[in-house]
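Spelled out from the first residue to the last, the chains are:
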Amino acid sequence: MMNRLHSEILICLLPALFLLHSCSNEPSVGFSAPVDLIEAGAEGKTVEFSLSSGDSWVAKTQDPWITVSPANGNGSTVCTVSIDSALTFSPREGLVRFEQTGTGERRDIRVTQKGFEYAIDPLRPEISLQSYAPFGERTFEVDVMTNLPFRVEIPEQDASWLSCGMTELELDRGARPRKVTLRFEWDLNYNQISRASSIRFIPLEEGKEPVRNDGLVIRQEAAEAIEPGVKGDSLALLAIRRSLGCLSDYEVSEKMEHWEGVTVWKSGPDKGRVRSASFMLFSTDEGIPFQVKYLTACEELTFFSNANTFLKSLDPGPHICTLTRLRRLDISAYGLVSLPEEFTALKNLEYLNLSGNNFSSVPAILTPENFPNLHSLVLNANQRQVIYDLSNTVKKDLGGLMEESLQDADGNRTFPKRLLRWDALDTLILSVNYLQGSLPSLEDDPDFPKWTRAEVDACDTLPQRLAGLPKVLPHTTLLTINLNRLTGALPDWLLYHPCLDLWMPESLIFPQEGKDEKGSSCGFTNVPASLDYYYEEYVNKKFNPNNQGDKQ
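The text that follows walks through the structure, step by step, so that each part is easy to find. Bear in mind that the values here come from a model prediction, so they are computed numbers and not experimental data.

Thresholds, definitions, all that
- Residues numbered from 1 in each chain as written.
- Predicted model: local features only at pLDDT ≥ 70, side-chain atom pairs only at ≥ 80, totals over all residues.
- Heavy atoms only, no water.
- Pairing = 2+ DSSP bridges.
- Helix = DSSP H or I, 4+ residues; strand = E, 2+ residues; numbered from the N terminus.
- Axes fitted to C-alpha atoms, helices over the stretch in contact; angles between N-to-C directions.
- Buried < 20%, exposed > 50% of the residue type's maximum accessible area, 1.4 Å probe, protein only.
- Polar contact = N/O pair within 3.5 Å; in protein donor to acceptor, adjacent residues only side chain to side chain.
- Contact = heavy atoms within 4.5 Å.
- Patch = residues over 30% accessible without salt bridge, like charges linked within 9 Å, V, L, I, M, F, W, Y side chains within 5 Å.
- Areas by Shrake-Rupley, 256 points an atom, 1.4 Å probe, with all protein chains shown as cover.
- Salt bridge = Lys/Arg side-chain N within 4 Å of Asp/Glu carboxyl O.

Regarding the sheet that holds strand β11 (residues 139-146)
Strand-to-strand pairing in sheets goes through backbone hydrogen bonds, with the strands running parallel or antiparallel.
Here is step 1: As summarised here, the arrangement of the four strands in space is β9-β11-β14-β13, forming an open sheet in which the pairing is antiparallel. Single-partner strands in this sheet number two, and they are β9 (120-122) and β13 (162-166). Strand-to-strand, the axes of this sheet are offset by a mean angle of 30°, without reference to chain direction.
Here is step 2: The pairing of β13 with strand β14 (residues 178-186) spans five bridges and is antiparallel. Looking at the pairing, C164 lines up with F184 of β14.

Observations regarding the side chain of N306
Here is step 1: Looking at the element boundaries, N306 is found in strand β19 (residues 300-306).
Here is step 2: Among the residues examined, N306 registers a relative accessible area of 5% and is labelled buried.
Here is step 3: Within polar-contact distance, the side chain of N306 engages the backbone oxygen of T284 at 2.9 Å.
Here is step 4: Only 3.5 Å separates the side chain of N306 from the side chain of K312, close enough to count as a polar contact.
Here is step 5: Ignoring anything within four residues of it in the chain, the contact list for N306 reads F282, S283, T284, K312, L314, A333 and Y334.

Let's talk about a nonpolar patch on the surface
Here is step 1: Side chains of L247, M280, L281 and F304 sit close together on the surface and give an oily, nonpolar patch of about 420 Å² of accessible area.
Here is step 2: Residue class for F304 comes out partly exposed when judged on its relative accessible area of 37%.

Some points on the environment of D532
Here is step 1: Note that D532 resides in helix α7 (residues 532-537).
Here is step 2: D532 gets classed as partly exposed once you look at its relative accessible area, which sits at 47%.
Here is step 3: In the structure, D532 is positioned 386 residues away from T146 in sequence and 84 Å away in space, judged by C-alpha atoms.

Concerning the pairing of strand β7 (residues 92-100)
Here is step 1: As paired elements, strand β3 (residues 56-60) and β7 share four bridges and run antiparallel to each other. Considered in β7, the bridge of V58 is made with E99.
Here is step 2: Note that β7 and strand β8 (residues 106-113) share eight bridges and pair antiparallel. Within β8, the position partnered with L95 by the bridge is R110.
Here is step 3: With antiparallel pairing between neighbouring strands as the criterion, β7 and β8 make up a hairpin whose turn holds five residues, including G104 at a positive phi of roughly 80°.

What follows is the structure, given as structure tokens:
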């Protein structure tokens, strides 16, 4: 009975003994890591690995640029070692130590990191541009990663169409590259040839040459091909209208000769090409678009009514100056303050209208020598804004030909004589400006010849009173100087000018307004009450109310 009981107890214990034997044969978990060296570049690195441990452990490092996660654990764990980006140009080393809390066993991982190299590295090394974009949209930005202060060098031959500005570079993290933004502005490509510019980045500190400094390449496509001819003229007109931002478009489904403001040659070698064109009601902050140079058969052009004209300070640019066949040119209410030197190439101009702009003086290039065929010059209403009292304002750059009147040592101004010498002019319009001072008498000025007795006797409408007076603007049938800031006495050459009554002086000569820079009330001191005195001398003139004949 006892043997049977022992057998049953033994049978019951056998599985437990077998299990105990099996457990005693399992290998113990070691303490190890699969790496003993981590190599990182200057930009930093993150490494994951499995740490094997049969006991609890802690991770330690004395290097603040190394981070271990988790910092402790119990048993095997996936660990992450993060290396921050470098702060210097020199390499550095660190150590990560894993230690079992029970046994004190250690496993070390050595960490090495390269220092940063000197670098000026654009994130976009190449930029492609179109030949055209609307004004205000001709910019692009390039971000550059750098750890060196530098300047941008644009080739001299490309500075006419490229410029660059830079945001402030803050190297606040040692050698760690920081981002700086370059803002480029570009101009239109007027030529039918593409172009490219290689931009260089020049370090400001000597001896510090970047390992990576490939610069920046900017490419711009060629301008739209336009050839002289009927088709080329139509393309040029459309391009000009687009560039100016005109409020209305051409009806392109119609023939060009029916487009608004366009006339074409009806015969001859230029048949069908543009003879005249008008561009009105637009908004631009630039000169006349370059496509105007393709209108080589044109005789008359008008550009009128730019938006916010009084705020602008523009130049028409050189392209219109190539149209040497122009005879009539109207660039009014555009915002002009200057004319280019190339403008003198327009020798065939007969009519020039520059009214409603912002000229502070009559452009110096407007002379009889430069424009031998010009007979009509219109320069009225060049005021940026109306200032009634010029002595009571601190505003500058008022326009209105204000700087045209010559000023002596005492601050007294006189009317510009150079305009009075332009004998070929039949029309000179200077109304509504800030011309100041008095009209010169010219009695003793040798630059102005006198009316001779022979000239007076040869014309039955000229009075003897005219003999001996300065011959000023003898062919001018329309002169207007009203609503300026003129003062003083009206000279005899004007009061007895052969065309005075044609000038409608009561409206277009005598009336002045406001106060000049010295605070003097403007107006002439000897304005006649009527033209009776005049017709007493010009007894044979057609408009003499006392003359019942038809003679002139």
